[in-house]
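Coordinates in review
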Amino acid sequence: MTALVDIELELITRATARFPDAVVRDELDNNLLNELPTIRFQQIPAGSDDGFRLARFIFDMDVFGESRAAAISLGRAVHAWLTGEIPGSFGVTAVFGRVAALTLPGPRDYENTALRRVGATYEAFCHPVS
């Protein structure tokens, strides 16, 4: 049976170090306007595994910024990090293989007009560190 990793925790830990000026989390709260920019990683209940070791995770990345331009800029930076630096890397709990965008970063509606949201959906292949 595949030993699954906590993909959200792994991405939050790594992104916090990589983007120190942003708040990185998996859930939003009522204080979002005071915590911009924010990067959110949220696992989607989908994906698969090979029954042995390798798992395919599907997750959303959302960036919340003070302006559309700020959210787009940070969204592109996170995209480049996810698809360019994460593949082939390992951390405390996970070894990453391929990471690919299923949808590219783009503006997403958000009910609070005082901020802007940019998001994308990714798949990542990874397994626990041995």
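Okay, so let's go over this structure. (Residues numbered from 1 in each chain as written. Predicted model: local features only at pLDDT ≥ 70, side-chain atom pairs only at ≥ 80, totals over all residues. Heavy atoms only, no water.)

1. Structural notes on the side chain of Arg 14
As for its placement among the helices and strands, Arg 14 is situated in helix α1 (residues 7–18). Classification of Arg 14 by relative accessible area gives buried; the value is 14%. Side-chain polar atoms of Arg 14 contact the side chain of Glu 10, separated by 2.8 Å. If we skip the residues at most four places from it in the chain, Arg 14 touches Trp 81, Ile 86, Ser 89, Phe 90, Gly 91, Ala 94 and Phe 96. (Helix = DSSP H or I, 4+ residues; strand = E, 2+ residues; numbered from the N terminus. Buried < 20%, exposed > 50% of the residue type's maximum accessible area, 1.4 Å probe, protein only. Polar contact = N/O pair within 3.5 Å; in protein donor to acceptor, adjacent residues only side chain to side chain. Contact = heavy atoms within 4.5 Å.)

2. Considerations on the sheet that holds strand β2 (residues 38–49)
Pairing is mixed in the open sheet, where 5 strands are placed in the order β1-β2-β3-β5-β4. A strand with exactly one partner marks an edge of an open sheet, and here the two such strands are β1 (23–25) and β4 (94–108). The sheet shows a mean angle of 20 degrees between the axes of neighbouring strands, direction not considered. Contacting β1, β2, β3 (55–65), β4 and β5 (116–128), α1 crosses the sheet at an angle of about 145 degrees to β2. (Pairing = 2+ DSSP bridges. Axes fitted to C-alpha atoms, helices over the stretch in contact; angles between N-to-C directions.)

Read these as spatial facts, not as claims about activity.
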